[in-house]
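# Secondary and tertiary structure notes
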Amino acid sequence: MMEDDRDRYLVPGLLRGLATLKLFTPASQSLSLSQIARALGITRSAAFRTVYTLTHEGCLLYDERSQSYALGPGVMRLTYGYFATREVVEIAQPELARLRERTGWSVHLGVLDGTSVMYLIRIPGPRHESSIIHVGSRLPARATTLGRVLLAGLDPQEILNRYRPAAATAAPQATGLGVQKVTEILRQAKADAAAEVVSHIGDFEAGIISVAAPVRTMSGQVVAAINVTAPREEGMEGQIEEVRTALVATASRVSRLLGWDPPDPTSSCGADAWK
């Protein structure tokens, strides 16, 4: 078949499925089973098993009248996360650069990845302090301001699903967290959802002050979080409030660019799921 199939770590069935999806182009929007088999250089029976699986998962649609296949909505679901994240990064990057210039603090943007926060943007402060954080870094969501903001944007059941895959059971799961710890995470998320920002002195970098705020999509869903960090120094208490205001303004501006229409100031959309 294809040369890459000789790599023993590759999964032939997955490669065949991906190769099938790649056959559909603006010039070839629908294909018959025979056309797919011929293009892949495989038998009709092998091609049928592939398209049957893709159709079952919604990645292909079968038209009985023309006996042909076309791309289905399942393909869009596969790509949504990538394009949504890319859009957030492209929109947020210049706004975060301005926030760094205005505050002089390091600025980060992260998204939730399971029970971790993954950093997608890092703009160090003017002093370029050394940091364990880099683009692509993952840290426990429950122990970072970015992660706490992101967890607060979930409903309680989703948090249970992430930390306890068998959500209704009382046994500790693969995360190593027992029931008591998960309960603490839920309690903290409820409190964070009611707050405009989340702040603390970092657990991973001693003496680092961190403040985070949510980024929302058109639907109000928390899709990312922005935080600012700086070494704790004497006499910076007055500066923190100014930085906090700038952070909230930036997060709100990025959210608006993503289509978010803020609700009435007297309401708290972040806390709705916790009522």
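Here the structure is shown first, and the text comes after it.
Let me begin by describing the structure that accompanies this report. (Residues numbered from 1 in each chain as written. Predicted model: local features only at pLDDT ≥ 70, side-chain atom pairs only at ≥ 80, totals over all residues. Heavy atoms only, no water.)

### Describing the side chain of Arg100
Structurally, Arg100 is set in helix H4 (residues 73–103). You can call Arg100 buried: its relative accessible area is 17%. Contact partners of Arg100, with chain neighbours within four places excluded, come to Trp105, Val107, Ile123, Pro124, Gly125 and Pro126. (Helix = DSSP H or I, 4+ residues; strand = E, 2+ residues; numbered from the N terminus. Buried < 20%, exposed > 50% of the residue type's maximum accessible area, 1.4 Å probe, protein only. Contact = heavy atoms within 4.5 Å.)

### Observations concerning the pattern of salt bridges
On inspection of all chains with the given rule, the structure shows 11 salt bridges. Ionic pairing is found between Glu158 and Arg162, a salt bridge with its closest N-O pair at 2.9 Å. Of the two residues, Glu158 and Arg162 are both situated in helix H6 (residues 156–163); the distance of four residues between them amounts to about one turn of the helix. In this structure, Glu196 and Arg244 form a salt bridge, with 3.1 Å as the shortest nitrogen-oxygen distance. Taken together, the residues Glu196 in the loop between helix H7 (179–193) and strand S7 (198–201) and Arg244 in helix H8 (residues 237–257) connect sequence positions 48 residues apart. By relative accessible area, Arg244 is classed as partly exposed at 24%. Each of Glu95, Arg98 and Arg253 takes part in a single network of salt bridges with overlapping partners. (Salt bridge = Lys/Arg side-chain N within 4 Å of Asp/Glu carboxyl O.)

### Considerations on the pairing of strand S9 (residues 222–231)
Most of S9 is tucked away: eight of the 10 residues are buried. In this structure, strand S8 (residues 208–216) lies alongside S9, joined through nine bridges in antiparallel fashion. Counterpart to Ala213 in the pairing with S9 is Ile226. Between S8 and the antiparallel strand that follows it, S9, lie five residues; Gly220 among them carries a positive phi value of about 95°. (Pairing = 2+ DSSP bridges.)

### Points about the packing of aromatic side chains
All told, the structure shown has two aromatic pairs when counted by the stated rule. Ring centres of Phe48 and Tyr52 lie 5.9 Å apart, and the angle between their planes is 40°; on these two criteria the pair is classed as tilted. Taken together, the positions of Phe48 and Tyr52, both in helix H3 (residues 44–56) and four residues apart, correspond to about one turn of that helix. Taking relative accessible area as the criterion, Phe48 reaches 41% and is therefore assigned partly exposed. Assessed through its relative accessible area of 52%, Tyr52 is described here as exposed. Ring geometry for Tyr62 versus Tyr69: centroids 4.8 Å apart, planes at 40°, classification tilted. Residue classification places Tyr62 among the partly exposed positions, given a relative accessible area of 39%. (Phe/Tyr/Trp six-rings, centres within 6.5 Å; stacked < 30°, edge-to-face > 60°.)

### Details of a nonpolar patch on the surface
A cluster of nonpolar side chains, namely Val11, Leu14 and Leu18, defines an oily patch on the protein surface of about 280 Å² accessible area. Here Val11 is to be found in the segment before helix H1 (12–22). (Patch = residues over 30% accessible without salt bridge, like charges linked within 9 Å, V, L, I, M, F, W, Y side chains within 5 Å. Areas by Shrake-Rupley, 256 points an atom, 1.4 Å probe, with all protein chains shown as cover.)

### Some thoughts on the sheet that holds strand S2 (residues 60–63)
The sheet built from three strands is open, its strands ordered S1-S3-S2 with antiparallel pairing. Whereas interior strands pair on both sides, the edge strands pair on one side only; in this sheet they are strand S1 (30–32) and S2. Along the sheet, successive strands turn relative to each other by an average axial angle of 35°, direction set aside. Here S1 runs beside strand S3 (residues 68–71); their pairing, made up of three bridges, is antiparallel. For Ser32, the partnering residue across the bridge sits in S3 and is Ser68. Each of S1 and S3 touches helix H2 (residues 33–40); the most contacted strand, S1, lies at about 85° to it. (Axes fitted to C-alpha atoms, helices over the stretch in contact; angles between N-to-C directions.)

### Here we look at the nonpolar core
Ranked by size, the top nonpolar core spans 29 residues in total, and within it Leu96, Leu99, Leu109, Ile226, Val228, Leu247 and Val254 carry the most contacts. When residues of this core are traced back to their parent elements, those giving at least two are H4, strand S4 (106–113), strand S5 (116–123), S8, S9 and H8. With six residues, the single largest contributor to this core is H8. Apart from residues lying up to four places away in sequence, Val228 is in contact with Leu99, Trp105, Ser106, Val107, Ile209, Ser210, Val211, Val243 and Leu247. Formed by 22 residues, the second largest nonpolar core is a distinct cluster that contains Leu151, Val198, Ala212 and Val222. (Core = buried A, V, L, I, M, F, W, Y, C linked by side-chain atoms within 4.5 Å.)

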